[in-house]
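Here is how the chains run, residue by residue.
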Amino acid sequence: MNSIISMTIITRMNPCCSSRILISSSKCYHSNKLTRPIRRLHCLGFNSNNNKCLIDTNKITAPPIISNWGKIKVLFSCNNIGRGRGNLVILNVASNVRQHSSSVEGGNVKENSFGRLYIQGGGGINVKPLLVERIEDIDVGKVLEEGKVDEVRVEVNSENVKGLNEGNEVKVGKTERELSDIEKEAWKFLNDSVVNYCGTPVGTVAANDPADKLPLNYDQVFIRDFVPSALAFLLKGEGEIVRNFLLHTLQLQSWEKTVDCYSPGQGLMPASFKVRTVPLDGSSGLFEEVLDPDFGESAIGRVAPVDSGLWWIILLRAYGKITGDYALQERVDIQTGIKLILNLCLTDGFDMFPSLLVTDGSCMIDRRMGIHGHPLEIQALFYAALRSSREMLTIDDGSKNLVRAINNRLSALSFHIREYYWVDMKKINEIYRYKTEEYSTNAINKFNIYPDQIPAWLVDWIPDKGGYLIGNLQPAHMDFRFFTLGNLWSIISSLGTTRQNQGILNLIEDKWDDLVGQMPLKICYPALEYEEWRIITGSDPKNTPWSYHNGGSWPTLLWQFTLACIKMGRPGLAEKAVALAEKRLSMDKWPEYYDTRNGRFIGKQARLHQTWTIAGYLTSKMLLENPQLASLLIWEEDLELLETCICALSKTPRAKCSRVAARSQILV
Ligand code: GLC
């Protein structure tokens, strides 16, 4: 392998090492230190004279495995490398060679040595800090043979990511035409929103509104908001920021007490994080940079960021698919991160359904909006995250059971959503004639839905052709509101059947004035009004009817709509929506959301220069220009999953009606 590798040698417990790590700015290995009962990552500022970054570390990421060693550049740590055990090497690989799963085979470094390292470090925690002083070329194989170091880790740097897809059918980073002024402006604003930590880009702020005197937490990097930014960068051929984001957020994954005296589940990803510059303890004039996560303990309403971990997994897959850098997802720490998130989602509780049970406001709609229970948005992201994980998990004895659990859940979840969340003219008519109070396993009206629940608006609204997945399903309760993100992700992830997915787009086309109007797209339809608004939102003045989460229009939904349209072979619909957005977004200064029934006004409290509005627009443009890129971001129907579900159903004598349903719904 023709690689330029730069290597950081880390000497643990070495008396000559100071308690700081000094490394070149582009290779900022950081760690965390607890200053309060939440995890923070510390970087001790940036020295502009020597271009180096000072970091404090007590956790170091675990390594992937590489196959061949060439001559490498080394950042040497202290002068006494090789004094006894406890040395660790981190490699920075710049290679033109695609890093594939196959790179695991035939390596000079034994896999179990990495396993050992990871376990020894207690999951990477409490590794002593180190000082890196100089750069040299060394032969890694020789160093290992001579026993100078115990372990080696590899980091693929940005050069590695660039151009990895060259020669593939799907090309990133290529634009045949001159960008329009609006696109140029959008790229400028997107670049301006980039947040650096320790000299390297790690994310984008939620909004960069120059006139905003009270940014609240909009100056933070939100996990969900960063996804369209990440895709815009990836599709342009810039992978570094995404890679850094994935690794840094991984290190913020929850393990400590946060909300008052209560600890959220291990594995929870924060909603957002902020880079703070704080004075360094005990030293005058020195500052350190700190990554400060918010797991909801500061968030308005203390909402749980359930979707963050799901987005993280989805983005990790997209990163691998677009850059070809599969080595990242194979790393032990990344694999552990995926497993922690999944454990949290797959833990047994009191649930009766395969859908994920959550509290209100646990996703993009992060305020009280009556979406507690089993909201569609979470189910669709959960499904996509499970499918992503199944592709990325390294299968071994330790992960076999998890993969089995994922497969079972995927089958059950898709059956559940396809069968019970889907409504169209026919289904509404069935519900209208439902018998209630059916006690038996053969009940048709399983959830005891009273026909009177069918809202008046729906009777006239449901089109003859097409349909959609309802917002939520609970015992004796169907939330018939149309939630856009959940429906779009059901298409993208193939949670819905092909017929259902087409049906959703038919409905959007048919109800264009309601769901798109003057600005794509409504976050949900219709708005809660009057008594419903008072009771369900708790009289929330930000969520008044047809504003913000309560029927407001969110341009960031555009990229997901574009992806869904391309997947279903209907790019024309997306083009129409993008053209509409293009007329106003730049003129209106890229607002966060729009208000009123058909999205005429800029949102009452909308931030301007909202990053995911900007990035969503750019991502949509790039996808439409190069529709084959969409294939990297979607999931096709998995027939094996359907088979598992049908087998499971046919084994149980109870499921007569479900079997019929399986034929009519699942197999379409
Ligand atoms: C609002 C949105 C949320 C978003 C955040 C930052 O709270 O509801 O979805 O992540 O702003 O833009």
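- An unreviewed UniProt entry lists the chain under the name Alkaline/neutral invertase, with Coptis chinensis as the source organism.
- Looking at the chain in UniProt, the text filed under Catalytic activity (unreviewed entry) is "Hydrolysis of terminal non-reducing beta-D-fructofuranoside residues in beta-D-fructofuranosides."
- According to its UniProt record, the chain has this under Function (unreviewed entry): "Invertase that cleaves sucrose into glucose and fructose."

## What to know about the overall build of the chain
Thought 1: Of the regular secondary structure elements, the chain holds 22 helices and 20 strands.
Thought 2: Burial status across the chain gives 61% buried among its 668 residues.
Thought 3: Looking at the chain alone, contacts between residues at least 24 apart form 76% of all its contacts between residues at least 6 apart.
Thought 4: Here the chain has roughly 26,800 Å² of accessible surface; of this, 52% comes from carbon and sulfur atoms.

## A short note on unusual backbone geometry
Thought 1: In this model, Pro520 is joined to Leu521 through a cis peptide bond whose omega is -15°.
Thought 2: Turning to its location among the elements, Leu521 is positioned in the loop between α16 (512-515) and β18 (524-525).
Thought 3: The omega angle of the peptide bond from Tyr525 to Pro526 is -10°, so this bond is cis rather than trans.
Thought 4: Of note in this structure, Ser539 is not a glycine but carries a positive phi near 55°.
Thought 5: The phi dihedral of Trp590 is positive, around 55°, even though this residue is not glycine.
Thought 6: Mapped onto the elements, Trp590 comes out in the loop between α19 (571-584) and β19 (594-595).
Thought 7: Note on Trp590: relative accessible area 0%, which makes it buried.

## Quick notes on empty space enclosed by the protein
Thought 1: Scanning the entire structure with this criterion turns up five cavities of 30 Å³ or more.
Thought 2: Approximately 90 Å³ is the volume attributed to the largest cavity.
Thought 3: Residue lining of the largest cavity: 13 residues in total, with Leu231, Ile314, Ala318, Trp489 and Leu633 positioned closest to the centre.
Thought 4: Going through the elements one at a time, α5 (223-235), α7 (306-323) and α18 (558-567) are the ones with two or more residues in the lining of the largest cavity.
Thought 5: Here the element with the most residues in the lining of the largest cavity is α7; it accounts for five residues.
Thought 6: A class-by-class count of the residues in the lining of the largest cavity yields twelve nonpolar, no polar and one charged.

Rules of the game
Per chain, residues are indexed from 1 in the order of the written sequence. In view of the model being predicted, local features appear only for residues whose pLDDT reaches at least 70, and side-chain atom pairs are presented and counted only at 80 or more, with totals across whole chains, interfaces and linings using the full set of residues. Excluded from the side-chain calculations are hydrogens and water; all other atoms, namely the structure's heavy atoms, are used. UniProt positions are given in the numbering used here, feature names are shortened, and annotations may be inferred rather than shown by experiment. Runs of E in the DSSP output that reach at least two residues are strands. Runs of H or I that reach at least four are helices, and both are numbered from the N terminus. Each residue's exposure class comes from its accessible area (1.4 Å probe, protein chains only) as a fraction of the maximum for that residue type: buried when under 20%, exposed when over 50%, partly exposed otherwise. Contacts between residues were defined by any pair of non-hydrogen atoms, one from each residue, lying within 4.5 Å. Note on areas: Shrake-Rupley with a 1.4 Å probe; residue coverage comes only from the protein chains shown. Points on a 1 Å grid, built from protein atoms alone, make a cavity when a 1.4 Å probe fits but cannot get out and make a pocket when they are open with protein on both sides within 12 Å along at least 5 of 7 lines; residues with an atom within 4 Å of a point are the lining residues. Grid points are joined across faces, edges and corners, and a volume is the space filled by probe spheres set on the points. Three classes are used: nonpolar for Ala, Val, Leu, Ile, Met, Phe, Trp, Tyr, Cys and Pro, charged for Asp, Glu, Lys and Arg, and polar for all others, with Gly counted as polar.

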